[in-house]
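Now for the letters of each chain:
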Amino acid sequence: MSHPVRPTRFRWWHIDEVLPIEADLFGAEQWSPAMFWNELANGHWYRVATDADGAVLGYAGLTVQPDEAWVQNIAVRRDAQRRGVGRMLLEELLTEAARQGARTVLLEVAADNAPAQKLYARYGFEPIGVRRGYYQPSNTDALVMRRVAAPTEDGTDD
């Protein structure tokens, strides 16, 4: 990356800055401000990636339950894509999932989003199912992917 990118906690004041990214990347299927507020109010774990000037380049969220975590979203501003921002955010989520004791991490990704699927596969995610017509209003299928923590030599999970 040519410019320093810093992950930081997603706070309520970031919502206004992520909404244009949502609109650009997801169109009619974008999250509303209320959806982000709800995620933050419920204590879900969210990060933003900012540039040296503090501008949001991307964001990601994670919901952790006992033994299992779900990636809620990962989005990177178009002009910041292909610079490692998505990888950094995914690594942040996976580290937090492990810190909170989640052995399994799951996510849904649009069936037609090959670049994202390739990224997830590099981090050990494997397809386990399809949710037909999951994304609305486009009726796009979602591929469900899962990553299971490998046991370590001492029998615990890594």
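**Some thoughts on the sheet that holds strand E3 (residues 56-65)**
Across the sheet, which stays open at both edges, the seven strands sit in the order E1-E2-E3-E4-E5-E7-E6 with mixed pairing between neighbours. The sheet terminates laterally at strand E1 (6-9) and strand E6 (126-135), the two strands that pair on one side only. Put simply, the sheet's adjacent strands are angled 25 degrees from each other on average, direction ignored. Direction of pairing for E3 relative to strand E4 (residues 68-76): antiparallel, over a ladder of eight bridges. Bridging across to E4, Gly61 finds its partner in Asn73. This element, helix H1 (residues 15-26), spans E3 and E4 of the sheet and lies at about 90 degrees to E3.

**Some details on the side chain of Glu39**
By the secondary structure assignment, Glu39 is in helix H2 (residues 33-41). Arg9 is the oppositely charged side chain nearest to the buried, salt-bridge-free Glu39, at an N-O distance of 13 Å. Apart from residues no more than four positions distant in its own chain, Glu39 is found in contact with Trp31, His44, Tyr46, Thr63 and Gln72.

**Details of the pattern of salt bridges**
For the structure on display, the rule yields six salt bridges. Ionic pairing is found between Arg77 and Asp79, a salt bridge with its closest N-O pair at 2.6 Å. Arg77 sits in the partly exposed class, given a relative accessible area of 25%.

**Regarding helix H3 (residues 85-99)**
Because an α-helix packs 3.6 residues into every turn, residues spaced three or four apart end up facing the same way. When the terminal C-alpha atoms of H3 are compared, their 21 Å separation across 15 residues agrees well with the 21 Å that a helix rising 1.5 Å per residue should span. Within H3, the full set of buried residues consists of Val85, Gly86, Met88, Leu89, Leu90, Leu93, Leu94, Glu96 and Ala97. Positive backbone phi, approximately 90 degrees, marks Gly101, located one or two places after H3.

Conventions and cut-offs
- Residues numbered from 1 in each chain as written.
- Predicted model: local features only at pLDDT ≥ 70, side-chain atom pairs only at ≥ 80, totals over all residues.
- Heavy atoms only, no water.
- Pairing = 2+ DSSP bridges.
- Helix = DSSP H or I, 4+ residues; strand = E, 2+ residues; numbered from the N terminus.
- Axes fitted to C-alpha atoms, helices over the stretch in contact; angles between N-to-C directions.
- Contact = heavy atoms within 4.5 Å.
- Buried < 20%, exposed > 50% of the residue type's maximum accessible area, 1.4 Å probe, protein only.
- Lys, Arg positive; Asp, Glu negative; His and termini not counted.
- Salt bridge = Lys/Arg side-chain N within 4 Å of Asp/Glu carboxyl O.
- Expected span 1.5 Å × (residues − 1).

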